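# What the coordinates show
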Amino acid sequence: MDHTYIKEHNVVERYEMDKLTPAESACFEEHFVDCPECQSQLTTARDLRQALRAAATENGNLPGLKATSPRIGVPVSRLAAASSAACLVLLMVTVVFLVRETLHLQRQLSQANDASRALRQRYEAERQSNTERQQQPTQPGDQNDSASGLPVIASVFALDITRGDESGGSGPADRVVLSKSPQWVVLSLDLNGNHFQSYRATLAHSGGEALWKAGGLTPARTNTLGLTFPSGFFRQGDYFLTLEGQSRQGSYAVAGHYSFRVTIKP
Amino acid sequence: MEMTSVEGPPSRQTGPRELALRIQAGEPAAEAELFERYRRGVSTIVHRMVRDSCIADDLCQDTFRLVLEKVRRGELRDPQKLSGFICNIARYLAIEHLRQPRRTQPLKEPGLSVPDPKLDPLSTLIEREKMRAIRQVLQEMSLARDREVLRRFYLEEEAKESICADLALSSLQFNRVVFRARERFRELYQQGGKRQ
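## Looking at the overall build of chain B
In terms of regular secondary structure, chain B is built from eight helices and zero strands. Put simply, chain B has 196 residues, and 40% of those count as buried. In chain B, once contacts between residues fewer than 6 apart in sequence are set aside, the share between residues at least 24 apart is 60%. Here chain B displays about 11,800 Å² of accessible surface, and carbon together with sulfur accounts for 53% of that area.

## Side note on the packing of helix H1 (residues 16-24) of chain B against helix H2 (residues 28-50) of chain B
Residue and element names in this part refer to chain B. One can describe the packing of H1 onto H2 by two numbers: an axis separation of 8 Å at closest approach and a directional angle of 140°. Between H1 and H2, the angle falls in the class oblique. For the crossing formed where H1 meets H2, the hand is left-handed. Across from Pro16, Leu19, Arg22 and Ile23 in H1, the residues of H2 making contact are Ala29, Ala30, Glu31, Glu33, Leu34, Arg37 and Tyr38. Here the contact of H1 with H2 is composed, by residue class, of seven nonpolar, no polar and four charged.

## Details of the interface of chain A and chain B
Accessible area lost upon the coming together of the parts is a frequently used measure of interface size. The interface of chain A with chain B comprises 44 residues on the first partner and 45 residues on the second. Taken over both partners, the interface formed by chain A and chain B buries close to 4,300 Å², and the fraction arising from carbon and sulfur atoms is 56%. The tally of links from chain A across to chain B stands at six salt bridges. Between chain A and chain B we count 15 residue pairs in polar contact (both at pLDDT 80 or more) in total. Sorting the residues of the side of chain A that touches chain B by element identifies helix H1 (3-8), helix H2 (11-16), helix H3 (22-32) and helix H4 (36-58) of chain A as the ones contributing at least two each. Broken down by element, the side of chain A that touches chain B gets its largest block of residues, 20 residues, from H4 of chain A. Broken down by class, the residue content of the side of chain A that touches chain B amounts to 18 nonpolar, eleven polar and 15 charged.

## Observations concerning the nonpolar core
One finds Phe28 of chain A together with Leu34, Tyr38, Val42 and Leu82 of chain B to be the most contacted residues of the largest nonpolar core, which totals 39 residues. When residues of this core are traced back to their parent elements, those giving at least two are H2, H3 and H4 of chain A together with H1, H2, helix H3 (53-72) and helix H4 (82-99) of chain B. Not counting residues within four places of it along the chain, the set of residues in contact with Tyr38 of chain B comprises Val33 and Asp34 of chain A together with Pro16, Leu19, Phe64, Leu82, Ser83 and Ile86 of chain B. Met17 and Ala51 of chain A together with Ile134 and Phe174 of chain B belong to the second-largest nonpolar core, a separate cluster that totals 27 residues.

## With respect to the pairing of strand S4 (residues 198-205) of chain A
Residue and element names in this part refer to chain A. Within S4, six of the eight residues are buried, leaving the element largely enclosed by the surrounding structure. Inspection of the sheet shows S4 paired to strand S7 (residues 237-246) by eight bridges, in the antiparallel sense. Note on S7: the bridge partner recorded for Thr202 is Thr242. Where S4 and strand S5 (residues 210-217) come together, five bridges link them in antiparallel fashion. The partner of Thr202 across the bridge, within S5, is Lys213. Linking two consecutive strands that pair antiparallel, namely S4 and S5, is a turn of four residues; a positive phi of about 100° is found at Gly208 within it.

Rules used in this analysis
- Residues numbered from 1 in each chain as written.
- Chains lettered and ligands numbered in written order.
- Predicted model: local features only at pLDDT ≥ 70, side-chain atom pairs only at ≥ 80, totals over all residues.
- Heavy atoms only, no water.
- Helix = DSSP H or I, 4+ residues; strand = E, 2+ residues; numbered from the N terminus.
- Buried < 20%, exposed > 50% of the residue type's maximum accessible area, 1.4 Å probe, protein only.
- Contact = heavy atoms within 4.5 Å.
- Areas by Shrake-Rupley, 256 points an atom, 1.4 Å probe, with all protein chains shown as cover.
- Axes fitted to C-alpha atoms, helices over the stretch in contact; angles between N-to-C directions.
- Parallel < 35°, antiparallel > 145°, perpendicular 65-115°, else oblique.
- Left-handed = near helix turned anticlockwise from the far one by under 90°.
- Nonpolar A, V, L, I, M, F, W, Y, C, P; charged D, E, K, R; others polar.
- Buried area = accessible area lost by both parts, 1.4 Å probe.
- Salt bridge = Lys/Arg side-chain N within 4 Å of Asp/Glu carboxyl O.
- Polar contact = N/O pair within 3.5 Å; in protein donor to acceptor, adjacent residues only side chain to side chain.
- Core = buried A, V, L, I, M, F, W, Y, C linked by side-chain atoms within 4.5 Å.
- Pairing = 2+ DSSP bridges.

Function cannot be inferred from these measures alone, as they are strictly geometric.
See the structure below:
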C-alpha cells in the first residue's frame, strides 16, 4: 500500500472510521506503523472528526452541520418537496372532511330543533285542553265507565237451576227486564251445592244457536257465579245457559242449566 | 489523551532490513532506534484495539520486548518485513489481552474518589482548541457544498461514492475538499497549540 493509493481511496479516514476490511486494515497498519506522515494524518483525521462531532452536538447551527433526515437515496430538496405536497393534500382532505361534517351536524341540529318545537306545541295544546276539562263543572250521570261508556251501576239478576219440566208451558221462570239505556247486566247463577274448582259456561239462544262461551270461571264465597254482560248484548227473547264444572281430574261435568227470558222495556 | 502535535520525522538512515540486521548484530543503538521509529504506530494499533491508554502502554512495552527478543534470536525470517512482523506481534498481544478474563475489578468502595477526566484542565484546553479550529475551518469554507461533504463524510460516515453522486463531485474534487479541510484544521490547531 503506497501513499498514492492511500490518498486516492481515503484510507486514513476509512481506517479511523473502522470501515476497512481486515485485510485492508492489516495492510495499512503495516504501512503506517513506519510512516510518520500517515500517522500524523490519522491523528488529524481523528481530531477533525471528534471536533466536528462535538461542534454538531454542542451547537447544531454551525454552518453545514445541521442535522438532516436519514438519506434514502433521494435528494433532500426533492424529499422535502414531496413531504410538503403530502402534508398539503392531507390538510386539504382534513378541511373538506371537517366542513362536510359540520354541515351534516348543522342539518341534524335544525331537524332536532323543528321536532322539539312541534313537541312543545303539542304539549302546550294538551296541557291547555286538560286545564279546560278540569275547569268544566261535574254533570250528573258522569259515572260512565271510561272504557265502555256504560254506567258503573249494574243490574243483577239471580238465576236458578232449571229442572227438567220447567222448560215447557209459559217459558222460562226467570225474567230479565232491561231498559233501553245501556248498563251492565250481571247474571248471578245459583250453583245449588256444586263445589267444582272452576266452571265454564255456554249461553245460547232458545233456537240453540251458541252466542257466548267462557271458561276458567271461579265461584264467589256465597256459592254463586256471576256473569257480566253489557245490556246491548241481549235482544228480547229466551236464552239458555249451560254451566259445566271441572273436576280435579280435569274433566267437565254438567253442573246445571239455566233459562231466562229477556224483556226490554220500551 | 494523545497530543496532536506533530513530531519531527525519525531518522531514516536505515531501512527495516538494515535495522533488523543491526539488532541481530547486537547493536544497542539499533534497538533504541526501533523503539523510537515504531513506538507511535504500535501504540496507535494497540490503543485502537483495547481502547485503554494504560493497557495500550503496557502492551506496547510487551510488543517491543517480544520483538527484540525474537529479532535477536533470529526468528525474523525476512528482515525486510520487520514492519509487518511488529504489527503482527502487537495485534496478537492485543487480541490475547482481550481474550483473557478481566484482571481488574471496578472500585466498589463509595468513599474512593476517582478524578473526573472531564475536569482535567489540559484536556479541556485541547478540546476548546479543537472546537475553535473546526469553527474556523467551517467558516472559511465558502461553499456550502464543501461543508456538506465534511458533515456527510465525517459525521454521517456516508460512502464517498454516494456523496460524490449526490453532489455531482468527482473523486478528485472530493479528495481535495477533504484534504484541504484536514490540512487547514491541522494548521489552525497547531497554531493554537503554539500560542498556548
